[in-house]
Amino acid sequence: MNDDYLWDKTGEPDPQIQQLEEILGTLRYQPRPLPLPVTRRRSYFPVLAIAATVLIALLGTGLWLRVHTNNQPAQKQQAHVPAPSPTIVEKDSTTIANTPEKVDPPRKQRRNRSNQSALSAAKRREREEAIAVKQQLMLALRLASEKLNLAHKKARIG
C-alpha cells in the first residue's frame, strides 16, 4: 500500500482503496446552499407608530384651530355693536323723540379705553393659549418621533 496516494493522490493507487472510493463516492461532500425556512414575522409596530404620529398631529392642529377660531367671533361681536336708532314715541298727543343719550367725551374715551383693554386682554389670553397649544403639540411630536425612532431600531434588529 502506498501512503502517498491516501494523503495527496500521488503515486500508485491501491485497488482496494479505489473500490472503497467508488462505493463511498455517492456519500462524498457536495457543496450546496443551506435551505433556510423563510418565516417572515409581520411587525405592525412601525405602521402603528406612524399612524399615532399623524393622529397626534391632527388632534393638535384641530385643538389649535378650535381655540383660535372660538376667540375670533367674540372679538368681532364686541367690535361691531350697532348704535341704537332713534325711535319716536307718542304720549298724550305729544310726540317725544327717543334718541340715545349723548355721552360726554371723557366718559366715551373711558369706554373706548376699557374696550381696548378688554380686547388687548383677550388677545393676550389668546396668545397665551396658542403658546400652550404649541408647546403641547411640540411635546407630542417629540414623543411620536422618539417612538418612530424606536420602531426603526427594533425593525433593524428584529
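Residues numbered from 1 in each chain as written. Predicted model: local features only at pLDDT ≥ 70, side-chain atom pairs only at ≥ 80, totals over all residues. Heavy atoms only, no water.

**Considering the overall build of the protein**
Thought 1: Along the protein, the regular secondary structure elements total four helices and two strands.
Thought 2: When its helices and strands are written in sequence order, the protein yields α-α-α-β-β-α.
Thought 3: Looking at the protein as a whole, 8% of its 158 residues qualify as buried. (Helix = DSSP H or I, 4+ residues; strand = E, 2+ residues; numbered from the N terminus. Buried < 20%, exposed > 50% of the residue type's maximum accessible area, 1.4 Å probe, protein only.)

**Considerations on the packing of aromatic side chains**
Think of a pair of aromatic rings as described by two things: how far the centres are apart, and how the planes are tilted against each other in angle.
Thought 1: Under the counting rule described, the total for this entry stands at zero aromatic pairs.
Thought 2: Taking the ring centre of phenylalanine 45 as reference, the NZ or CZ of lysine 154 above it sits at 5.7 Å. (Phe/Tyr/Trp six-rings, centres within 6.5 Å; stacked < 30°, edge-to-face > 60°. Lys NZ or Arg CZ within 6 Å of the ring centre and 35° of its normal.)

**Digging into the environment of isoleucine 50**
Thought 1: With respect to the element layout, isoleucine 50 can be found in helix α3 (residues 45–79).
Thought 2: Considered as a pair, isoleucine 50 and alanine 144 are 94 residues apart in the sequence and their alpha carbons are 7.9 Å apart.

**Considerations on the side chain of glutamate 126**
Thought 1: Looking at where glutamate 126 falls in the secondary structure, it is placed in helix α4 (residues 105–157).
Thought 2: Within the local environment of glutamate 126, its side chain forms a polar contact with the side chain of histidine 68, the two groups lying 3.3 Å apart. (Polar contact = N/O pair within 3.5 Å; in protein donor to acceptor, adjacent residues only side chain to side chain.)

**Observations concerning the environment of serine 145**
Thought 1: Examined against the element boundaries, serine 145 turns out to sit in helix α4.
Thought 2: The class for serine 145 is partly exposed, based on a relative accessible area of 35%.
Thought 3: Sequence separation between serine 145 and threonine 53 is 92 residues, and the spatial gap between their C-alpha atoms is 7.5 Å.

**Points about the confidence of the model for the protein**
Low-pLDDT portions of the prediction should not be read for the details of their coordinates.
Thought 1: Of the residues in the protein, 70% have a pLDDT of 70 or more, and the chain-wide mean is 77.
Thought 2: Within the protein, no element has a lower average pLDDT than strand β2 (residues 94–98), which sits at 48, and none a higher one than helix α2 (residues 15–24), at 88.
Thought 3: Under a pLDDT of 50 for its full length, residues 93–99 has, in the predicted model, 13 contacts with residues more than four places off or in other chains. (pLDDT = per-residue confidence, 0-100. Contact = heavy atoms within 4.5 Å.)

**A short note on a nonpolar patch on the surface**
Thought 1: Residues Leu20, Ile23, Leu24 and Leu27 make up a contiguous nonpolar surface patch of about 440 Å² in total accessible area.
Thought 2: Examined against the element boundaries, isoleucine 23 turns out to sit in helix α2. (Patch = residues over 30% accessible without salt bridge, like charges linked within 9 Å, V, L, I, M, F, W, Y side chains within 5 Å. Areas by Shrake-Rupley, 256 points an atom, 1.4 Å probe, with all protein chains shown as cover. Salt bridge = Lys/Arg side-chain N within 4 Å of Asp/Glu carboxyl O.)

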